[in-house]
Amino acid sequence: MKIGVVGLGYIGLVTAAVLAEAGNRVVGVDIDKERVKTLSEGKSPIYEPELQEVMSANDEALSFSGNYASLKVCAAIFVCVPTPTIEGRIDLSFVIAASRGISFNNPGATTIIKSTVIPGTARMIHEEMRLNVVSNPEFTSEGSAIQDTRHPDRIVIGGYDTNIVEDIWRFTGAPMIVTTNENAELIKYASNAFLATKISFINEIANLCEKVPGTDVEVIAKGIGYDKRIAPYFLKAGLGFGGSCFPKDTEAFVSFAKTVGIELGITNSAIRINKDRVSHVLEIIKDALGELKGRSVAVLGLSFKNNTGDTRESKAWLLVEALMHHGCSVKTFDPIVKVSIPGALACDSIEKCIEDVDAIVVSTEWNEFKILENMKPKVPVVDAKRVLNQSQITRYHGVGLNEVKN
Ligand code: UGA
């Protein structure tokens, strides 16, 4: 099948690569000329495990363009453009512009909306542009996006004329929920809000553990996670959720619900708890150091989570800024992110980063940082993501831990 993808960010590019691998011819379109040029040279502009390999192995089936006219030959076109928020409300302008591009160039194609959009968006586009609009939200995570797209837990498809989308994803063998556009749109928000709530829940328990001697949130998470109804996933306490999805989607979800007169109290609390995480961890660092002013701190990890170079809404980044704001000098290291935060010193190795500092903070859950267990640093180590084995670190301070030493 000839398939189009509009918007070549994490989701669009991964979708394009996996659909090419599945035997389709895929045309990717993006308004960013630099990105199109890089892609046309066969190079991925982003770091995502396996993406470069899948692109290279399927380069004959993949083409890239800055022009919507290239979509004329496609039977189905995915819309994977961003849906940012402006003052907490969703901004649909990129989705609308992409849909217009499709309606001018190939109105007969099925338009498949993968971007996260509030309920009613697909219907509005259908009514305004007379396109066959199918909703097909994505549930892939950065860092495992290729695997998640090849082997999804489920495929959600909403709309009237959905056969072509069912055909496209049949190769995954995943269960399909075929429903209305609005249900599909809402499933996406409810999924992200639920996962974000699980994270904030465990972070609240972490706060409690820190006040109760003899408790450890890691053990509590394990103890509750064995219950199949709770499940062990998304119960990792730490700096809170960042990234380009949970923070904006939870805000947009709350503000959408308000427009229909519903207060999403639980999601609101999840957002509030999440906003406190950086200052909470700052307090842990302060307790470990006595005071922050004039101290030098090594921060390991800048991306919003491991296995990605994405720093959007990264809590680690905010923590570096907060430390500097409180008078610390900060050195940083990240395995992938090579930009430096203004005012901080970016180092090219863990060794250089932790040299001559007063404290070390692990702020992203990269496995690479476990090497600290062998390095045996003498200064306090604040494990903001609970990556390390505390018994291997001399002066260990973990989020959600109040150990009683016997
Ligand atoms: C998230 C969802 O997991 C995907 O299902 C969804 O498709 C995607 O958003 C989206 O809407 O596009 P992603 O933002 O890539 O994916 O990353 P997650 O793995 O969900 O992590 C989000 C944040 O939560 C990270 O900052 C991570 O460190 C944090 N997190 C995650 C925790 O603090 N604790 C956990 O137990 C899990």
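Structure: see above.
Residues numbered from 1 in each chain as written. Predicted model: local features only at pLDDT ≥ 70, side-chain atom pairs only at ≥ 80, totals over all residues. Heavy atoms only, no water.

Please clarify how the site of the ligand should be interpreted in this entry.
Around the ligand, 21 residues are found, and the nearest of them are E138, E142, K188, N192 and E365. Between the ligand and G242, the relevant distance is 3.0 Å, taken from an oxygen atom to a main-chain nitrogen or oxygen of the residue. A total of 710 Å² of accessible area belongs to the ligand in isolation, and the protein chains cover 92% of it. Among the elements that make up the shell around the ligand, the one with the highest residue count is helix α8 (residues 181-211) (three residues). The residue makeup of the shell around the ligand, split by class, is eight nonpolar, five polar and eight charged. (Near = heavy atom within 4 Å. Polar contact = N/O pair within 3.5 Å; in protein donor to acceptor, adjacent residues only side chain to side chain. Areas by Shrake-Rupley, 256 points an atom, 1.4 Å probe, with all protein chains shown as cover. Helix = DSSP H or I, 4+ residues; strand = E, 2+ residues; numbered from the N terminus. Nonpolar A, V, L, I, M, F, W, Y, C, P; charged D, E, K, R; others polar.)

Hey, could you run me through the pairing of strand β13 (residues 329-333) in this one?
Regular strands show a simple pattern: their side chains alternate between the two faces of the sheet. Among the five residues in β13, four count as buried, and that is most of the element. Where strand β12 (residues 296-300) lies against β13, five bridges are found, and the strand directions are parallel. Paired with L300 across the two strands is F333, which belongs to β13. Viewed along the sheet, the connection from β12 through helix α13 (residues 315-325) into β13 turns out right-handed. Bridge count for β13 against strand β14 (residues 345-346) is two bridges, and the pairing is parallel. (Buried < 20%, exposed > 50% of the residue type's maximum accessible area, 1.4 Å probe, protein only. Pairing = 2+ DSSP bridges. Right-handed = clockwise from strand over helix to strand, strands pointing away.)

Whenever I open this one, the packing of aromatic side chains confuses me. Can you help?
Where two aromatic rings form a pair, the distance of their centres and the angle of their planes describe that pair. Going through the model one piece at a time under the given rule, you end up with six aromatic pairs. Seen from their ring centres, F241 and F246 are 5.9 Å apart, and the 85 degrees between their planes marks the pair as edge-to-face. For the pair shown, F241 and F246 are each scored as buried. Here the aromatic residues F78, W169 and F171 are joined through ring pairs into a cluster of three or more. (Phe/Tyr/Trp six-rings, centres within 6.5 Å; stacked < 30°, edge-to-face > 60°.)

Before we go on, may I ask you to explain the packing of α8 against helix α9 (residues 217-225) in this structure?
The relative placement of two packed helices is expressed as an angle between their axes plus a distance between the axes. Interhelical geometry of α8 versus α9 gives an angle of 135 degrees and a closest axis separation of 9 Å. Judged by the inter-axis angle, α8 sits oblique to α9. Helix-helix and strand crossings are classified by hand; for α8 and α9 the assignment is right-handed. Contact residues: F201, I202, I205, A206 and C209 in α8; V217, I220, A221 and I224 in α9. Residue composition of the contact of α8 with α9, by class: nine nonpolar, no polar and no charged. (Axes fitted to C-alpha atoms, helices over the stretch in contact; angles between N-to-C directions. Parallel < 35°, antiparallel > 145°, perpendicular 65-115°, else oblique. Left-handed = near helix turned anticlockwise from the far one by under 90°. Contact = heavy atoms within 4.5 Å.)

What am I meant to see in helix α1 (residues 10-21) here?
Because each turn of an α-helix spans 3.6 residues, side chains separated by three or four positions end up pointing in the same direction. With twelve residues, α1 should reach 16 Å at 1.5 Å per residue; the first-to-last C-alpha distance of 16 Å fits that figure. By the criterion of burial, α1 is predominantly enclosed, with ten of the twelve residues buried. Along α1, the residues classified as buried are Y10, G12, L13, V14, T15, A16, A17, V18, L19 and A20. Positive phi appears at G23, one or two residues downstream of α1, with a value of about 105 degrees. (Expected span 1.5 Å × (residues − 1).)

Even after reading the chapter, I still don't get unusual backbone geometry, so can you show me in this structure?
In most cases, non-glycine residues show a negative phi, while peptide bonds are predominantly trans. The backbone phi angle of E87 is positive, close to 50 degrees, even though this residue is not glycine. Mapped onto the elements of the fold, E87 is located in the loop between β5 (85-86) and β6 (89-90). What makes E87 exposed here is its relative accessible area of 80%. Backbone geometry places D356, a non-glycine residue, at a positive phi of 55 degrees. The exposure class of D356 is exposed, given its relative accessible area of 72%.

Help me out: how do you make sense of the sheet that holds β13 in this one?
By definition, the strands of a sheet pair up through backbone hydrogen bonds, in either a parallel or an antiparallel sense. The six strands are arranged β14-β13-β12-β15-β16-β17 in an open sheet whose pairing can be described as parallel. Whereas interior strands pair on both sides, the edge strands pair on one side only; in this sheet they are β14 and β17 (396-398). Sheet contacts for helix α12 (residues 277-289): β12, β15 (359-362), β16 (381-383) and β17; angle to β16, the most-contacted strand, approximately 160 degrees. The sheet strands contacting α13 are β12, β13 and β15, and the helix crosses β13 at an angle near 160 degrees.

What should I look at first to understand the environment of G242 in this one?
Along the chain, G242 falls in the loop between α9 and α10 (246-259). Along the sequence, G242 and E313 sit 71 residues apart, while their C-alpha atoms lie 5.0 Å from each other. Beyond its immediate sequence surroundings of up to four residues, G242 is in contact with P247, F304, R312, E313 and K315.

How should the nonpolar core be read in this particular structure?
One recurring pattern in soluble globular proteins: nonpolar side chains tend to sit buried together. L13, L51, F78 and I168 are the most contacted members of the largest nonpolar core, which totals 35 residues. Broken down by element, this core gets its largest block of residues, eight residues, from α1. Look past the residues within four positions of L13 in its chain and what remains in contact with it is G7, L8, L39, S44, P45, I46, L51, M55 and F64. One finds L302, W317, C328 and V399 within the second-largest nonpolar core, a separate group that totals 34 residues. (Core = buried A, V, L, I, M, F, W, Y, C linked by side-chain atoms within 4.5 Å.)

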